[in-house]
Amino acid sequence: MADCIFCKIIDKKIPSKFVYEDDLVVAFEDINPQSPVHTLIIPKKHIPTMLDMQEEDYQVIAHLFKVANKIAREKGIADRGFRLLTNCNPEGGQIVYHLHFHLMGGRQMRSPFG
Ligand code: AMP
Ligand code: ZN
């Protein structure tokens, strides 16, 4: 999608620190990290929010979880623990409308959220 910042990152039209790429998903470092590890994992397909997922998209997100496992292990946060989250729509705190998952770790996460 032309005016989507994450589509531009996928197309390498704007720079980012790539962590992982395959046919279905990419991962790159969040530009404004909120924890020592803060990586964004996104489907290559432009899906604005999780509410916009079509039937065929669910298997892409299952694959994305597999990639999240791999990255968490590679970054050394798997055993200590981490958080994988997606924000949806304004009250969910979503700012970028291309579905993405925040992989966060390297410090104690707190609940409740927000
Ligand atoms: P959300 O509030 O879930 O929509 O989060 C959007 C995230 O995208 C924020 O954590 C931003 O710091 C991050 N972000 C925005 N622009 C970029 C960019 N060009 N490169 C990497 N991360 C970005
Ligand atoms: Zn997009």
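Computed from a prediction, not measured in an experiment: that's the story for all the values here.

Here is what the cut-offs are and how they apply
Residues numbered from 1 in each chain as written. Chains lettered and ligands numbered in written order. Predicted model: local features only at pLDDT ≥ 70, side-chain atom pairs only at ≥ 80, totals over all residues. Heavy atoms only, no water. Near = heavy atom within 4 Å. Polar contact = N/O pair within 3.5 Å; in protein donor to acceptor, adjacent residues only side chain to side chain. Areas by Shrake-Rupley, 256 points an atom, 1.4 Å probe, with all protein chains shown as cover. 1 Å grid on protein atoms, 1.4 Å probe; cavity = no way out; pocket = protein on both sides within 12 Å on 5 of 7 lines; lining within 4 Å. Sits in = over half its atoms within 2 Å of the grid points. Helix = DSSP H or I, 4+ residues; strand = E, 2+ residues; numbered from the N terminus. Nonpolar A, V, L, I, M, F, W, Y, C, P; charged D, E, K, R; others polar. Phe/Tyr/Trp six-rings, centres within 6.5 Å; stacked < 30°, edge-to-face > 60°. Buried < 20%, exposed > 50% of the residue type's maximum accessible area, 1.4 Å probe, protein only. Pairing = 2+ DSSP bridges. Axes fitted to C-alpha atoms, helices over the stretch in contact; angles between N-to-C directions. Lys, Arg positive; Asp, Glu negative; His and termini not counted. Salt bridge = Lys/Arg side-chain N within 4 Å of Asp/Glu carboxyl O. Contact = heavy atoms within 4.5 Å.

Undergrad: Where do I start with the site of ligand 1 in this structure?
TA: Around ligand 1, the structure places 16 residues, and the nearest of them are Asp30, Gly93, Ile95, His100 and His102. Within the side chain of Asn87, an N or O atom sits 2.8 Å from an oxygen atom of ligand 1. The contact in question runs from an oxygen atom of ligand 1 to an N or O atom on the side chain of His102, over 2.8 Å. In isolation ligand 1 offers 510 Å² of accessible surface; the protein chains occlude 85% of this area. Judged by the fraction of its atoms near the pocket grid, ligand 1 is located in the largest pocket. Per-element tally for the shell around ligand 1: the top contributor is helix α1 (residues 5–10), with three residues. Considered class by class, the residues forming the shell around ligand 1 number eight nonpolar, six polar and two charged.

Undergrad: I would appreciate a short explanation of the packing of aromatic side chains in the present structure.
TA: Two descriptors summarise a pair of aromatic rings, namely the distance from one centre to the other and the angle between the planes of the rings. Applying the stated criterion across every chain, the model contains three aromatic pairs. When the centroid spacing of 5.3 Å and the interplanar angle of 75° are considered together, the rings of Phe6 and Phe28 count as edge-to-face. With Phe6 in helix α1 and Phe28 in strand β2 (residues 25–29), this pair connects stretches of sequence that are 22 residues apart. On the basis of relative accessible area, Phe6 is assigned to the buried category, the value being 7%.

Undergrad: Sorry if this is basic, but what is going on with the sheet that holds strand β4 (residues 82–85) here?
TA: What holds strands together in a sheet is hydrogen bonding between their backbones, with the strands either parallel or antiparallel. A sheet is described by the order of its strands in space; here five strands give the open sequence β1-β2-β3-β5-β4, paired in antiparallel fashion. At either margin of the open sheet sits one strand with a lone partner, and together these are β1 (18–21) and β4. Across the sheet, the mean angle from the axis of one strand to that of its neighbour is 15°, orientation sign disregarded. The pairing of β4 with strand β5 (residues 101–105) spans four bridges and is antiparallel.

Undergrad: What should I look at first to understand the environment of Ile5 in this one?
TA: Tracing the sequence through the fold places Ile5 in helix α1. With 92 residues separating them in the primary sequence, Ile5 and Tyr97 have C-alpha atoms 8.9 Å apart.

Undergrad: I'm lost on the side chain of Arg83 in this one. Help?
TA: Tracing the sequence through the fold places Arg83 in strand β4. This buried residue, Arg83, is left without a salt bridge; Asp30 holds the nearest opposite charge, at 14 Å. Polar contacts involving the side chain of Arg83 include one to the main-chain carbonyl oxygen of Arg110, which spans 3.0 Å. The contacts of Arg83, once residues within four sequence positions are left out, are His102, Leu103, Met104, Met109, Arg110, Ser111 and Phe113.

Undergrad: Explain the pairing of strand β3 (residues 37–43) to me, please; I cannot follow it from the model alone.
TA: The two faces of the sheet receive side chains in turn, since in a regular strand these alternate between them. For β3, a buried count of seven out of seven residues is recorded, marking the element as mostly surrounded by other parts of the structure. By the alternation rule, side chains of β3 split into Val37, Thr39, Ile41 and Pro43 and His38, Leu40 and Ile42, which are all buried. Here β2 runs beside β3; their pairing, made up of five bridges, is antiparallel. Across the sheet, the residue bridging to Val26 is Ile42, located in β3.

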